[in-house]
Amino acid sequence: MSKFLALLLTLLPVAAGADGLPSAPYIEVSGHGELHVAPDLAYVNLTLEKTSMDAKAARADVESRAAKVIALARRLGIAEKDIKAPAVTVYPQYEWHQTPSGDGKQVLVGQHVTRSISLTLRDLSRYGALADGLFAAGVTRLDNVVPDRGDRDQLQLQALAQAVQDAHGKAEALAAAAGVTLGAVYRISEQEGSRGPRPMMMAAARSAGGQEPEFLSGEIEIDADVAAYYLIGH
């Protein structure tokens, strides 16, 4: 093969097969990147609910407690944009009752009124005051507290860059072990499900002395995964 023809072949685009993979020899690798960082905010999700045969009274009860929660959030300096409090939902609630004859039937036990509220707490030192205030306001259920970072998008890009570097290092190692030359990247893609922070340790507990609940956030993990296909060089 002439040098001109060899050069021409390296410049031609590599055709893809029916499965989207390159028709030329290639190396397939995956890469992973992760960062461990301290959170600087938390998403607090809670629910207020009441069941009563008097739907109007149940709604008034839920709305009254919701107003206390929103007022508490404002007192703690939570911005309006960080308070999400959609309208209440009302639906009939039934229970299965056994009849004397041994049969069962659905019995209306009342109208169930629910209102969910989501808060973004950007000053974690206020978590104790928030938790105490929420239960004092009559919160029915504190669904979850999710630690996060305000600059998560930028950190996610850093984790993604680490994943690409990891994949490249693996491809180089495989090529060297096989005695071939690593060619250009044919395709690289981010894997679904790798986005989002994961708490490595998170707790909210009251001390034995009865002090405010303490937010023990530990660290959160922000990770990314990629799949990469490298052509094998000529």
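A brief structural summary. (Residues numbered from 1 in each chain as written. Predicted model: local features only at pLDDT ≥ 70, side-chain atom pairs only at ≥ 80, totals over all residues. Heavy atoms only, no water.)

### Focus on the overall build of the protein
Part 1: Looking only at helices and strands, the protein has four helices and eleven strands in total.
Part 2: Buried residues in the protein amount to 33% of all 234 residues.
Part 3: In the protein, of all internal contacts separated by at least 6 residues, the share reaching a separation of at least 24 is 77%.
Part 4: A total of about 13,500 Å² of accessible surface is found on the protein, and carbon and sulfur atoms cover 55% of it. (Helix = DSSP H or I, 4+ residues; strand = E, 2+ residues; numbered from the N terminus. Buried < 20%, exposed > 50% of the residue type's maximum accessible area, 1.4 Å probe, protein only. Contact = heavy atoms within 4.5 Å. Areas by Shrake-Rupley, 256 points an atom, 1.4 Å probe, with all protein chains shown as cover.)

### Observations concerning the nonpolar core
Within soluble globular proteins, side chains that are nonpolar generally end up buried alongside one another.
Part 1: The biggest cluster of nonpolar side chains holds 27 residues, and the ones touching the most others in it are Leu46, Leu48, Val69, Ile117, Leu119, Leu130 and Leu134.
Part 2: Among the secondary structure elements, those contributing two or more residues to this core are strand 2 (41–52), helix 2 (55–75), strand 5 (104–121) and helix 3 (127–136).
Part 3: Counting residues per element, this core draws most heavily on helix 2, which supplies seven residues.
Part 4: Each residue touching Leu46, except ones within four places of it in the same chain, is listed here: Val69, Arg115, Ser116, Ile117, Leu119, Leu134, Val139, Arg141, Leu142 and Asp143.
Part 5: By size, the runner-up hydrophobic cluster in this structure holds 17 residues, among which are Ile27, Leu35, Ala175 and Val226. (Core = buried A, V, L, I, M, F, W, Y, C linked by side-chain atoms within 4.5 Å.)

### Section: the pairing of strand 5
Part 1: Relative to strand 5, strand 2 runs antiparallel, the two sharing eleven bridges. Paired with Leu46 across the bridge in strand 5 is Ile117.
Part 2: Bridging between strand 3 (residues 83–84) and strand 5 involves two bridges; their strand directions are antiparallel. Bridge pairing in strand 5 places Ile83 opposite Leu119.
Part 3: Here strand 4 (residues 89–98) pairs with strand 5 via ten bridges, running antiparallel. Residue pairing for strand 5: Glu95 is matched across the bridge by Val107. (Pairing = 2+ DSSP bridges.)

### Considering the environment of Ala73
Part 1: Residue position: Ala73 is located in helix 2.
Part 2: Looking at Ala73, the relative accessible area reads 0%, which means it is buried.
Part 3: In this structure Ala73 touches Ile78, Ile83 and Leu119, once residues within four positions along its chain are discounted.

### Things to note about helix 4 (residues 152–178)
Part 1: Over its 27 residues, helix 4 extends 39 Å from the first C-alpha to the last, a length consistent with the 39 Å expected when each residue adds 1.5 Å.
Part 2: Residues of helix 4 that are buried: Leu155, Gln156, Ala159, Leu160, Ala163, Ala167, Ala171 and Ala175.
Part 3: Where the residues of helix 4 are buried, they touch strand 1 (26–37), strand 7 (182–190) and strand 11 (220–232). (Expected span 1.5 Å × (residues − 1).)

### Digging into the side chain of Arg65
Part 1: Along the chain, Arg65 turns up in helix 2.
Part 2: Residue classification places Arg65 among the buried residues on the basis of a relative accessible area of 13%.
Part 3: Only 2.7 Å separates the side chain of Arg65 from the side chain of Asp61, close enough to count as a polar contact.
Part 4: A polar contact is formed between the side chain of Arg65 and the backbone oxygen of Gly138, at a distance of 2.6 Å. (Polar contact = N/O pair within 3.5 Å; in protein donor to acceptor, adjacent residues only side chain to side chain.)

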